[in-house]
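# Architecture and fold: a report
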Amino acid sequence: MTPDDQALSDDELLAVIARSDADAVLDRDVAERVPAPVETVQDRLEDLYERGELELAEEDTRGRTWRLDESVDPEALPTEGETETDVESQARGDDLTEAPPDHVETPPDPESRPEEPAPIDADVADAIDAFDLPGDATEKERRREAVRTAYLYLRKRGRADQDDFVADVHPEAPGEYADPDEGWWDEVIRPGLDRIPDVEYDAEAWTYAGDPDDRP
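One structure accompanies this document, and this report is about it. The written sequence of each chain sets the order in which its residues are numbered from 1. Restriction of local features to residues with pLDDT of at least 70 applies here, the model being predicted, together with a cutoff of 80 or more for giving and counting side-chain atom pairs; totals for whole chains, interfaces and linings are based on all residues. Calculation of side-chain values draws on the structure's entire complement of heavy atoms; hydrogens and water are dropped beforehand.

Turning our eyes to something else, we now look at the overall build of the protein. In terms of regular secondary structure, the protein is built from nine helices and six strands. Burial status follows relative accessibility: with a 1.4 Å probe on protein chains alone, a residue under 20% of its type maximum counts as buried, one over 50% as exposed, and anything between as partly exposed. Burial status across the protein gives 38% buried among its 216 residues. When checking whether two residues touch, look at their non-hydrogen atoms; a contact exists if any pair is within 4.5 Å. Taking contacts inside the protein between residues at least 6 apart in sequence as the whole, the part at least 24 apart equals 58%. Shrake-Rupley sampling with a 1.4 Å probe provides the accessible areas, and residues are treated as covered by the protein chains on show and by no other component. Here the protein has roughly 12500 Å² of accessible surface; of this, 45% comes from carbon and sulfur atoms. Strands are runs of DSSP state E lasting at least 2 residues, helices are runs of H or I lasting at least 4, and numbering of each runs from the N terminus.

Set out below in structure tokens:
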């Protein structure tokens, strides 16, 4: 079990779906509300489905959408305030243990806090979403997430070659490929980068050519 798995309870995942106004919730949308990668959340949701606590509402190129099984009582799940204390504070890295009485917490210097990455432009997001990737619906979504990760990595770095992407991006976003040479690079990342309008290639490496203000 990974640290991400340990940080999340089943009730916290179910509560995110229960609080949604939609009839069913996309797995990627659930991942945005908890401190865990999309792939970890997708695996946990599949486990809840196999145990009869979730129903699979739909499966398409965007991923899978889920709703609570009738056997699950939404009233018994954590409220949004309770989940914030238990989940979102972990995403921020808060320490929930009580400090000793003689210890005074010093707030971090605002300048030392990591900056949130700027949102992906709509034309970039559309290009990634329109990319017809190999695999079933779950594999497609995880591979699309790998392309997004590669783009954000390039946007932060400015310039990178194949070896850089393999070394730094594949471990974080393998897209269901254990070996980057078995489809991850040739079928997913390289063609994905080639279709993104903010990316340029000069026969040696890829360069971020978008708005400089979006770079951290």
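The next subject is the pairing of strand β3 (residues 63-68). Within β3, five of the six residues are buried, which leaves it mostly tucked inside the rest of the structure. By this definition, two strands are paired if DSSP reports at least two bridges between them. Relative to β3, strand β1 (residues 25-26) runs antiparallel, the two being bridged by two bridges. Counted as the bridge partner of Val25 is Trp66 from β3. Pairing of strand β2 (residues 54-60) with β3, which is carried by six bridges, proceeds in the antiparallel orientation. Across the sheet, Glu59 pairs through a bridge with Arg64, a residue of β3. Following β2, the chain reverses through two residues before pairing antiparallel with β3.

A few words on the packing of helix α6 (residues 122-130) against helix α7 (residues 137-157). Convention adopted: a line fitted to C-alpha atoms gives each axis, helices being fitted over their contacting stretch, and angles between N-to-C directions are expressed from 0 to 180 degrees. Between α6 and α7, the least distance of the axes is 9 Å, while the angle of their chain directions is 145°. Helix-helix and strand crossings are classified by hand; for α6 and α7 the assignment is right-handed. Contact residues: α6 offers Val124, Ile128 and Asp129, while α7 offers Arg144, Val147, Arg148 and Tyr151. In this count, Pro and Cys sit with the nonpolar residues alongside Ala, Val, Leu, Ile, Met, Phe, Trp and Tyr, while Asp, Glu, Lys and Arg are called charged and the others, Gly among them, polar. Of the residues belonging to the contact of α6 with α7, the class tally is four nonpolar, no polar and three charged. By convention, the crossing between two helices is left-handed when the near helix turns anticlockwise from the far helix through less than a right angle, and right-handed when the turn is clockwise.

This paragraph deals with helix α9 (residues 180-194). In a regular helix each residue adds 1.5 Å, so 15 residues correspond to 21 Å; α9 covers only 17 Å between its end C-alpha atoms and thus falls short of that length. Every buried residue belonging to α9 is among Pro180, Gly183, Trp184, Trp185, Val188, Ile189, Gly192 and Leu193, and all of these are buried. Considering only its buried residues, α9 is in contact with α7, α8 (162-168), β5 (199-201) and β6 (206-208). The backbone nitrogen of Asp181 has a side-chain oxygen 2.8 Å away, supplied by the residue at the start of α9, namely Asp179. What a helix should span is 1.5 Å times the count of its residues minus one. Residues adjacent in sequence count toward polar contacts only when both atoms are side-chain atoms; beyond that, a polar contact is any pair of N or O atoms within 3.5 Å, and within protein one must be able to donate a hydrogen and the other to accept it.

Looking now at the pattern of salt bridges. By definition, a salt bridge exists where a carboxyl oxygen of Asp or Glu is found within 4 Å of a side-chain nitrogen of Lys or Arg. What the rule picks out here adds up to 17 salt bridges. With a closest N to O distance of 2.4 Å, Arg51 and Asp10 form a salt bridge. Taken as a pair, Arg51 in the loop between α4 (38-50) and β2 and Asp10 in helix α2 (residues 10-18) lie far apart in primary sequence, 41 residues in all. Look at Arg51 and you get partly exposed, because its relative accessible area is 46%. In this structure, Arg67 and Glu55 form a salt bridge, with 3.8 Å as the shortest nitrogen-oxygen distance. Placement of the pair is Arg67 in strand β3 and Glu55 in strand β2, with a sequence separation of 12 residues. Take Glu55: its relative accessible area is 26%, and that puts it in the partly exposed class. A cluster of three or more residues bridged by salt bridges with shared partners is formed by Arg28, Asp129, Glu141, Glu145 and Arg148.

A cluster of acidic residues, Asp121, Asp123, Asp126, Asp211 and Asp213, forms a negative patch on the protein surface. Here Asp213 is to be found in the segment after β6. A residue is classified by how much of its surface remains accessible, and Asp213, at 68% relative accessible area, is exposed. Here the term patch refers to residues with relative accessible area over 30% and no salt bridge, with like charges joined within 9 Å and nonpolar side chains (Val, Leu, Ile, Met, Phe, Trp, Tyr) within 5 Å. When charges are counted, Lys and Arg contribute as positive and Asp and Glu as negative, whereas His and the chain ends are disregarded. The location of each charge is read from NZ of Lys, CZ of Arg, CG of Asp or CD of Glu.

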